[in-house]
Amino acid sequence: MRALLAMWVGWRFYFARQSNRFISFISFASTAGIALGVAVLIVVLSAMNGFEKELEQRLLGVVSHGELIGVNEPIRQWQSIVDDANKVPGILAAAPFVRMQGLVQKVGGFQGITVLGVDVDSEERVSNIKQFMSADSWHSLAQQDSNNIVLGKGLAKSLGLKVGQSLSLYMPNISQSQSKIGAAKSYRFVVTGIFELGGELDMSTAYIPMQYAAKALKLGDSVSGVRIKVDDVFAAPRLIRDLGYSQQQYVYISDWTRTQGHLYQDIQLVRMVMYLVLALVIAVACFNIVSTLVMAVRDKQSEIAILLTMGMKKASVMLIFVVQGAFNGVLGCAIGGVLGTITALNLSAIARGIESLFGIQLLSADVYFIDFLPSQLKGGDVMTVILLAFVMSVIATLYPAWKASQTPPARALAGR
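Predicted model only: the values in this text are computed from it and were never measured.

Trainee: Explain the nonpolar core here, please?
Mentor: Burial of nonpolar side chains together is a common tendency in soluble globular proteins. One finds I34, L141, Y207 and F321 to be the most contacted residues of the largest nonpolar core, which totals 55 residues. If you list the elements that add at least two residues to this core, you get α2 (21-62), β3 (109-118), α11 (261-299), α13 (314-345) and α15 (379-405). In terms of residue count, α2 provides more of this core than any other element does, 13 residues in total. Residues in contact with Y207, not counting those within four places in the same chain, are V62, L116, V118, I129, L141, N148, I149, V150 and F195. Formed by 47 residues, the second largest nonpolar core is a distinct cluster that contains I91, A156, L217 and A236.

Right, here's the structure in full:
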């Protein structure tokens, strides 16, 4: 009963017209600061979740989780590696590939690209690249004896090429002696499709039929390496290492943490830093509650003295001002939670609108692994941020509420 009375009085104090308008302004500032901090933190965490999701589903869906590559010579018994991989718990699939690296000519010079020769039936089990190109483009890679090539959208734009046009890939003629290793050999391809993944892979990667690539490099039935897909990307280093150590032929062991791991680490670092920074912003806003309540206590000393004289316990008086300060936190958390949730759910559309309005590109494919701003809102993040802000706002009320409970009734009434 006493708690309900204290909460009711705190409610009345909160909504009562303050004799000093400056108190109302500080109260508004603290509420607005909490709301802004909560909203921005929700949006930032959603953006980081979006980057992590795109890294796992988009980039790691195309980039192999791991590779075994022949040392100084191609892999001849690649089928045995595939069979061994299929027996390892945690490895979902394995597929052979032939890698060609060379230069293609463009306006103003040359550009280095990586050309992957793939078998469409096997590649479909280890990569999602099929989802990012048309059916005709994918089927053109099934014509194993053809010189078809599917380019990334960014690469095709950089080279000024369209479907149906041809390009030449220049590579060192490895069949010649070491004294003439610099001599280049040209391989001609016809562009039969364009895939659109977004980001750096679009700028430097192309796909061709594996059999044609092996024939061009005179590999026979051998391949450059075997691509591995695992069910848990964080277990990839261990699984790929164990598979590589079990092989009879010497192989290079590589996994996604060596090629793309820096992206995941960067995302986690930014997430942590932004969480700390914005949590401090919320904390600063919560400390405004201290100023608000200190001034409110001074403004309400007569009322406090009357309540104490009438027999209200000091704990109840303290609860009155805890409730009054907590209303700032509740209101700030509610407004910030709603604004942050709405913004996070529409963050990608907002980013596209800003790009269209100002004619800019927020994320360049030349720098980032994607060329759009992703967002993934998680209910757990929203609840954590709101709970954090509310707890800090309640903690901020304790000292001024305690000071209010220590008000001497006689002195306060005498000075009225």
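Trainee: Explanation requested: the pattern of salt bridges in the structure shown.
Mentor: Where charged atoms from two side chains of opposite charge approach closely, those side chains can pair. Within this structure, the stated rule accounts for 6 salt bridges. When the shortest N-O distance is used, the salt bridge between R227 and E123 registers 2.9 Å. Of this pair, R227 sits in strand β8 (residues 225-230) while E123 sits in helix α4 (residues 120-126), placing them 104 residues apart in sequence. R227 gets classed as buried once you look at its relative accessible area, which sits at 3%. Overall, the relative accessible area of 1% leaves E123 in the buried class.

Trainee: Honestly, the pairing of strand β6 (residues 184-195) in this entry has me stumped. Any pointers?
Mentor: Every other side chain in a regular strand lies on the same face of the sheet, so the side chains alternate between the two faces. Two strands pair when backbone bridges link them, and strand β4 (residues 148-152) and β6 are joined in this way by 5 bridges, in the parallel orientation. Pairing of L151 across the sheet is with I194, part of β6.

Trainee: Got a minute to help me understand unusual backbone geometry in this structure?
Mentor: Across the chain, the bulk of peptide bonds are trans and the bulk of non-glycine residues have phi less than zero. Not every positive phi belongs to a glycine, and N72 is a case in point at roughly 65 degrees. Counting through the fold element by element, N72 comes out in the loop between β1 (66-70) and α3 (78-86). A relative accessible area of 77% places N72 in the exposed class. For K218, which is not glycine, the phi torsion reads 60 degrees and is therefore positive. Tracing the backbone through its elements, the reader meets K218 in the loop between α8 (210-216) and β8.

Trainee: Explain the pairing of β4 to me, please; I cannot follow it from the model alone.
Mentor: By the criterion of burial, β4 is predominantly enclosed, with 5 of the 5 residues buried. Examined bridge by bridge, β4 and strand β7 (residues 205-209) share 2 bridges and lie antiparallel to one another. Bridge assignment links L151 to a residue of β7, and that residue is A206.

Trainee: What exactly am I supposed to notice about the packing of α13 against α15 here?
Mentor: Describing two packed helices takes the angle between their axes plus the distance from one axis to the other. Two elements in contact, α13 and α15, have axes whose closest approach is 7 Å; the angle formed by their N-to-C orientations is 155 degrees. Regarding the angle of α13 to α15, the classification is roughly antiparallel. You can see that α13 and α15 cross each other, and the crossing is right-handed. Across from K314, V317, M318, F321, V322, G325, A326, G329, V330, C333, G337 and T341 in α13, the residues of α15 making contact are V382, I386, A389, F390, S393, V394, T397, L398, A401, W402, A404 and S405. Partitioning the contact of α13 with α15 into residue classes produces 16 nonpolar, 7 polar and 1 charged.

Trainee: Is there a simple way to explain the environment of S224 in this structure?
Mentor: Structurally, the position occupied by S224 is in the loop between α8 and β8. Classification of S224 as buried rests on a relative accessible area of 16%. The residues touching S224, leaving out its near neighbours within four places in the chain, are L68, I69, G70, I75, F97, V98, R99 and L219.

Trainee: Would you explain the environment of S168 in this entry?
Mentor: Structurally, S168 is set in strand β5 (residues 166-172). Here S168 falls in the buried class, since its relative accessible area comes to 15%. Taking the C-alpha atoms as reference, S168 lies 4.4 Å from R188; in sequence the two are 20 residues apart. Apart from residues no more than four positions distant in its own chain, S168 is found in contact with L103, V104, Q105, S186, Y187 and R188.

Trainee: I would appreciate a short explanation of the confidence of the model for the chain in the present structure.
Mentor: Note that predicted coordinates carrying low pLDDT should not be read in detail. Per-chain confidence: the chain averages 83 in pLDDT, with 87% of residues scoring 70 or above. Predicted confidence is poor over residues 175-180, with pLDDT under 50, and the contacts of this stretch with residues over four places away or in other chains come to 1 contact.

Trainee: Is there a simple way to think about a nonpolar patch on the surface in this case?
Mentor: Together, L269, M272, V273, L276, V277 and V281 make up a nonpolar patch on the protein surface, roughly 510 Å² of accessible area in all. Its place among the elements puts V281 in helix α11. In this structure V281 comes out as partly exposed when scored by relative accessible area, which is 38%.

Trainee: Looking at this structure, I do not really get the packing of aromatic side chains. What am I missing?
Mentor: Any two aromatic rings considered together are summarised by their centre-to-centre distance and by the angle between their planes. Applying the stated criterion across every chain yields a total of 7 aromatic pairs. The rings of F234, W256 and Y264 are connected pair by pair, giving a single aromatic cluster.

Trainee: How do you make sense of α15 when you look at a structure like this?
Mentor: In an α-helix, one turn spans 3.6 residues, which is why side chains three or four residues apart end up on the same side. The terminal C-alpha atoms of α15 lie 38 Å apart, and with 27 residues this matches the ideal 39 Å at 1.5 Å per residue to within 8%. At L398, α15 shows its largest bend, some 30 degrees, and a proline, P400, comes one to four positions later. Residues of α15 that are buried: V382, V385, A389, M392, S393, A396, T397, P400, A401, A404 and S405.

Analysis parameters
- Residues numbered from 1 in each chain as written.
- Predicted model: local features only at pLDDT ≥ 70, side-chain atom pairs only at ≥ 80, totals over all residues.
- Heavy atoms only, no water.
- Core = buried A, V, L, I, M, F, W, Y, C linked by side-chain atoms within 4.5 Å.
- Buried < 20%, exposed > 50% of the residue type's maximum accessible area, 1.4 Å probe, protein only.
- Helix = DSSP H or I, 4+ residues; strand = E, 2+ residues; numbered from the N terminus.
- Contact = heavy atoms within 4.5 Å.
- Salt bridge = Lys/Arg side-chain N within 4 Å of Asp/Glu carboxyl O.
- Pairing = 2+ DSSP bridges.
- Axes fitted to C-alpha atoms, helices over the stretch in contact; angles between N-to-C directions.
- Parallel < 35°, antiparallel > 145°, perpendicular 65-115°, else oblique.
- Left-handed = near helix turned anticlockwise from the far one by under 90°.
- Nonpolar A, V, L, I, M, F, W, Y, C, P; charged D, E, K, R; others polar.
- pLDDT = per-residue confidence, 0-100.
- Patch = residues over 30% accessible without salt bridge, like charges linked within 9 Å, V, L, I, M, F, W, Y side chains within 5 Å.
- Areas by Shrake-Rupley, 256 points an atom, 1.4 Å probe, with all protein chains shown as cover.
- Phe/Tyr/Trp six-rings, centres within 6.5 Å; stacked < 30°, edge-to-face > 60°.
- Expected span 1.5 Å × (residues − 1).
- Bend = angle between axes of the 7 residues up to and from the residue.

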